[in-house]
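Architecture and fold: a report
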Amino acid sequence: MARDYPTLPRVGVGVVLLRGDAVLLIRRGRPPRLGEWSLPGGAQELGETVEETARRELAEEVGLAPSGRLVLLDVIDSIQRDPDGRIRFHWTLIDFAAEAGPGEPVPGDDCAGAAWVPLADALADPALWQRTREVIERASRLPRPIG
C-alpha cells in the first residue's frame with residue numbers, strides 16, 4: 001500500500017527508548033515529517049505483532065534492542081491533509097516505552113541520524129511534534145527501570 005494518499009490507514013509503531021536521563025531520537029529520512037526528529041519506529045508488516053514491529057524497527061533503524069519488556073504508552077492518530085483537503089498520510093501510531101540494551105545507535109538506511117537527548121531538552125523542544133513530547137513525558141514518569 002502506498003505511504004502517501006493511502007486507501008486505508010497504516011499502522012506505525014514507535015519506541016520511547018530510555019537510557020538514564022536521556023531518550024533516543026532519530027532524524028526521519030523520509031516522509032511524513034522528513035528531516036524532523038522523532039522516535040525510532042516504522043510500519044507494521046503483515047503477520048507481525050506490534051511488539052515484534054517495535055523490536056524489528058529498533059534493530060533496523062538504529063541497531064539497538066530493549067533490555068527488557070515493552071510498555072504500551074499510547075495510540076495516536078496522525079492524519080495529514082494536502083492543500084486540497086485530501087488525506088496525504090493516515091497513520092495509527094502505537095508507542096511503547098523501553099529501557100535501552102547495550103550499544104550505541106547506528107542509523108539505518110531510512111534514518112538520517114540518531115542521538116541520545118537529555119529528557120529535559122526533548123520535553124522542552126518546540127521543534128518536536130507535540131504528541132511525541134507527550135509520549136516521552138509519559139514514559140519519563142514510569143517507574144525505572146522499565147520492564
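Before reading further, recall that the structure is shown in the block above.
Everything quoted here is computed from the prediction, not taken from an experiment.

Our next topic: the layout of surface pockets. Looking at the largest pocket, its volume works out to about 480 Å³. If you trace the largest pocket, you find 28 residues lining it, with Arg-28, Ser-38, Gly-41, Gly-42 and Leu-93 closest to the centre. Those elements that provide at least two residues to the lining of the largest pocket are β1 (10-19), β2 (22-28), β4 (41-43), α1 (50-62), β5 (71-81), β6 (87-99) and α3 (130-140). Here the residues of the lining of the largest pocket are counted per class, giving 11 nonpolar, eight polar and nine charged.

With that settled, consider the pairing of β2. Among the seven residues that make up β2, six are buried, leaving the element largely enclosed by the rest of the structure. Relative to β2, β1 is paired through two bridges, and the arrangement is antiparallel. Bridging across to β2, Arg-19 finds its partner in Ala-22. Here β1 folds back onto β2 in antiparallel fashion, the turn holding two residues, of which Gly-20 has a positive phi close to 60°. The sheet contact formed by β2 and strand β7 (residues 111-118) spans seven bridges and is antiparallel.

Compared with the 18 Å implied by 1.5 Å per residue over 13 residues, the 18 Å span of α1 between its first and last C-alpha is a close match. Residues of α1 that are buried include every one of Thr-53, Ala-54, Arg-56, Glu-57, Leu-58, Glu-61 and Val-62, and no others. Looking at the buried side of α1, the elements it contacts are β1, β2, β4, β6 and β7. Phi turns positive one or two residues past the end of α1, at Gly-63, with a value near 70°.

About the cut-offs
- Residues numbered from 1 in each chain as written.
- Predicted model: local features only at pLDDT ≥ 70, side-chain atom pairs only at ≥ 80, totals over all residues.
- Heavy atoms only, no water.
- 1 Å grid on protein atoms, 1.4 Å probe; cavity = no way out; pocket = protein on both sides within 12 Å on 5 of 7 lines; lining within 4 Å.
- Points joined across faces, edges and corners; volume = space filled by probe spheres on them.
- Helix = DSSP H or I, 4+ residues; strand = E, 2+ residues; numbered from the N terminus.
- Nonpolar A, V, L, I, M, F, W, Y, C, P; charged D, E, K, R; others polar.
- Buried < 20%, exposed > 50% of the residue type's maximum accessible area, 1.4 Å probe, protein only.
- Pairing = 2+ DSSP bridges.
- Expected span 1.5 Å × (residues − 1).
- Contact = heavy atoms within 4.5 Å.

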